[in-house]
Amino acid sequence: MQWETVIGLEVHVQLATRSKIFSGASTAFGAEPNTQACAVDLGLPGVLPVLNEQAVAMAVQFGLAVHAEIPEVSVFDRKNYFYPDLPKGYQTSQMYHPIVGAGEVEITLDDDNTKCIRIHHAHLEEDAGKSLHEDFHGMTGIDLNRAGTPLLEIVSEPDMRSAKEAAAYLKAIHSIVTYLGISDGNMAEGSMRCDVNVSVRPQGQAEFGTRAEIKNVNSFRFVERAIAFEVERQIELIEDGGKVVQETRLFDPERDETRSMRTKEEANDYRYFPCPDLLPVVLDQAYLDHLRSQLPELPADKRARFQTELGLSAYDANVLSASREMAEFFEEVHRVCGDAKQAANWVQGELSGALNRENLSIQNSPVSAHQLGELISRVLDDTINGKAAKQVFQALWNGQGKSADEVIEAKGLKQVTDAGAVESMIDQVIAESPAQVAQYRDSEPEKRGKMIGYFVGQVMKASRGTANPQQVNGLLKEKLDALL
Amino acid sequence: MALEESHVRRAAHLARLAVSDDQATGFVEDLSRILDMVDQLQRVDTEGVAPLAHPLDATQRLRADEITETNQRDSFQRCAPAVEDGLYLVPRVVE
């Protein structure tokens with residue numbers, strides 16, 4: 001039987017505010033345990049939450065970026081459950097009136113096609129603390145620094161049909177939140193976490209199968225692997241006459257499998273109700289208009305503009321717009337050299353290759369966008385040829401010179417375009433290669449084009465690579481043909 | 001609504017309250033009376049009335065995103081039963 005996979009994602013994005021969502025404690029990562037957990041975060045008696053305006057603004061910016069409805073009124077609810085890293089006994093969240101309504105995100109697939117994934121809603125909530133189960137004489141250690149950190153939970157519709165689409169969606173969300181600057185998107189530090197809802201159904205069946213929820217899938221790679229495993233597990237189960245039960249499962253990246261955590265019967269009853277400590281949040285049109293006017297150009301718009309305005313291929317436009325840093329680097333290179341295609345080739349070719357080899361991100365590139373732009377300009381204005389350009393790039397990468405011009409000067413790489421100088425080199429090569437000249441003269445005219453390569457090579461060598469290959473080619477042909 | 005002892009047991013479990021058998025019987029009666037009152041409220045015609053999220057006719061005020069809290073871990077941890085390496089210690093929990 002042919003099976004179809006149905007996937008929905010819940011993505012938790014940690015918002016890049018300085019202080020917590022309901023208190024003035026710092027959200028900085030990596031502090032000593034419990035040094036950033038104040039009375040509000042600890043849930044001490046008598047404390048009251050006060051909502052952070054920046055958390056609200058960031059949530060709304062996300063909503064605007066995914067073309068979502070932003071309701072005028074949103075309300076905070078209490079989600080009640082007991083766990084030691086949740087000292088209040090409830091998580092302040094939004095259940096019935098979230099801050100961001102229905103929207104949509106465009107994802108790009110391998111074949112450069114795009115697909116729209118609908119967003120069901122996105123809501124604000126606070127993060128919990130951390131439980132450390134290592135050896136504390138049989139006790140559990142609790143660090144509440146993370147408690148109260150603002151999260152935006154983005155809930156998709158079950159619109160994805162493969163692990164690849166799910167990964168592409170997660171990447172799209174990642175690039176939107178990092179373009180907006182509302183999150184650092186650092187998955188290793190937990191700034192983006194993901195729960196995956198997966199089910200399978202026979203191809204062509206309208207109703208969904210029973211889904212399993214996989215918790216805490218925390219990298220792009222794990223999303224694909226967790227889904228691949230889970231899909232296979234469910235299909236095997238059904239084909240062996242079993243039934244998928246609705247349950248929460250945990251992905252174990254070391255064993256590459258998902259394990260049952262709790263079934264629906266054991267599921268928590270969270271007893272949501274409106275939080276009496278917080279009033280409804282009301283956003284007026286002027287506020288939304290103001291935030292809309294501050295939005296940067298977003299990945300999908302950039303991708304489209306790179307294709308239509310700069311004439312890049314869909315593939316190039318997609319790669320270069322994937323992250324804000326990459327896009328900004330490319331745009332600076334393009335601004336300096338004025339040639340989009342060359343800028344795209346260099347950023348994706350020489351530069352990306354070097355970055356990958358040394359495992360560097362583009363923000364830490366030893367060659368700046370400005371330097372690369374100038375280097376390309378020197379190729380475009382024929383100061384150096386392509387081969388010399390690679391030498392210049394390598395020198396800049398190694399810190400041997402501040403600019404392309406400095407390296408070109410210091411290494412004597414300037415292309416010799418003075419026809420007289422090139423001609424004298426050609427004359428010398430012809431004089432020193434009587435055998436090859438004779439061969440050239442005696443061969444069929446259609447074969448001569450190929451034979452000229454030898455002479456070009458010799459002239460380039462004589463010029464130490466500084467001659468212009470096209471110019472050498474033209475002049476050589478003239479001179480050799482004159483000998484016929 | 002007819003409340004049964006199993007409902008009381010479940011609510012007590014969710015609230016992590018220890019309830020004895022005698023207490024449970026009493027709670028069934030008490031809570032049933034509260035639910036009867038809720039039933040009475042449910043009968044009111046609320047057609048066209050928007051649900052109320054908060055009794056105060058006011059909206060949430062926001063605060064600027066500034067760090068105003070300083071580290072007071074030592075004083076907070078003075079009332080904790082067990083701490084180590086800056087962590088609060090609790091009976092072992094394993095999900």
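As the structure is a computational prediction, the values presented were derived from the model and not from experiment.

(A) The arrangement of the layout of surface pockets in detail. Residues and elements named next belong to chain A. The space that makes up the second largest pocket amounts to roughly 1500 Å³. Considering the residues around the second largest pocket, the lining is formed by 48 residues, among which Lys-171, Ser-175, Asn-318, Ala-322 and Ser-323 are closest to the centre. Of all the elements in the fold, those that place two or more residues in the lining of the second largest pocket are β6 (103-108), α3 (163-180), α4 (220-239), α6 (299-308), α7 (314-321), α8 (324-337) and α9 (340-357). With 10 residues, the top contributor of residues to the lining of the second largest pocket is α3. Grouping the constituent residues of the lining of the second largest pocket by class yields 21 nonpolar, 14 polar and 13 charged.

(B) Molecular detail of a nonpolar patch on the surface. All names here are of chain B. A cluster of nonpolar side chains, Phe-27, Leu-31, Ile-34, Met-37, Val-38 and Leu-41, forms an exposed patch at the surface whose accessible area comes to about 510 Å². Relative to the helices and strands, Leu-41 is located in helix α2 (residues 21-42). Leu-41 sits in the exposed class, given a relative accessible area of 55%.

(C) Region of the structure containing the side chain of Ser-183 of chain A. All names here are of chain A. As for its position among the elements, Ser-183 is in the loop between α3 and β11 (192-202). The class of Ser-183 is buried, set by a relative accessible area of 5%. At a separation of 2.9 Å, a polar atom in the side chain of Ser-183 contacts the main-chain carbonyl oxygen of Gln-14. In this structure the side chain of Ser-183 is engaged in a polar contact, spanning 3.0 Å, whose partner is the backbone nitrogen of Gly-185. Here Ser-183 is in contact with Val-13, Gln-14, Ala-16, Val-177, Thr-178 and Ser-191, once residues within four sequence places are set aside.

(D) Structural view of the interface of chain B and chain A. Listed per partner, the contact involves 35 residues of chain B and 55 residues of chain A. The contact between chain B and chain A buries some 3900 Å² in all, and 60% of this surface belongs to carbon and sulfur atoms. Looking only at chain B, the three residues that lose the most surface to chain A are Gln-60, Arg-63 and Asp-65 of chain B, adding up to 19% of its buried area. At the surface where chain B touches chain A, the tally comes to one salt bridge.

(E) Expanded view of unusual backbone geometry. Residue and element names in this part refer to chain B. Unusually for a residue other than glycine, Arg-16 sits at a positive phi of about 50 degrees. The topology assignment puts Arg-16 in the loop between α1 (5-14) and α2. On the basis of relative accessibility, which here comes to 46%, the residue Arg-16 falls in the partly exposed class. Positive phi is not limited to glycine here, since Asp-85 has a value of about 50 degrees. Structurally, Asp-85 can be placed in the loop between β2 (83-84) and β3 (87-91).

(F) Just the nonpolar core, in detail. All names here are of chain A. With 67 residues, the main nonpolar core has Leu-9, Phe-62, Leu-124, Tyr-169 and Ile-173 as its most contacted residues. With 11 residues, the top contributor of residues to this core is α3. Contacts of Phe-62, omitting those with residues within four sequence positions, involve Ala-122, Leu-152, Ile-154, Ile-173, Ile-176, Val-177, Leu-180 and Ile-182. Among the nonpolar cores identified, the runner-up in size contains 35 residues, and Met-326, Val-333, Ala-344 and Leu-396 belong to it.

(G) Seen up close, the environment of Val-429 of chain A. All names here are of chain A. Mapped onto the elements, Val-429 comes out in helix α13 (residues 419-432). By relative accessible area, which is 7% here, Val-429 ends up buried. Between the C-alpha atoms of Val-429 and Val-459, which are 30 residues apart in sequence, the distance is 6.6 Å. Aside from chain neighbours lying at most four places away, what touches Val-429 is Phe-455, Gln-458 and Val-459.

Basis of the calculations
- Residues numbered from 1 in each chain as written.
- Chains lettered and ligands numbered in written order.
- Predicted model: local features only at pLDDT ≥ 70, side-chain atom pairs only at ≥ 80, totals over all residues.
- Heavy atoms only, no water.
- 1 Å grid on protein atoms, 1.4 Å probe; cavity = no way out; pocket = protein on both sides within 12 Å on 5 of 7 lines; lining within 4 Å.
- Points joined across faces, edges and corners; volume = space filled by probe spheres on them.
- Helix = DSSP H or I, 4+ residues; strand = E, 2+ residues; numbered from the N terminus.
- Nonpolar A, V, L, I, M, F, W, Y, C, P; charged D, E, K, R; others polar.
- Patch = residues over 30% accessible without salt bridge, like charges linked within 9 Å, V, L, I, M, F, W, Y side chains within 5 Å.
- Areas by Shrake-Rupley, 256 points an atom, 1.4 Å probe, with all protein chains shown as cover.
- Salt bridge = Lys/Arg side-chain N within 4 Å of Asp/Glu carboxyl O.
- Buried < 20%, exposed > 50% of the residue type's maximum accessible area, 1.4 Å probe, protein only.
- Polar contact = N/O pair within 3.5 Å; in protein donor to acceptor, adjacent residues only side chain to side chain.
- Contact = heavy atoms within 4.5 Å.
- Buried area = accessible area lost by both parts, 1.4 Å probe.
- Core = buried A, V, L, I, M, F, W, Y, C linked by side-chain atoms within 4.5 Å.

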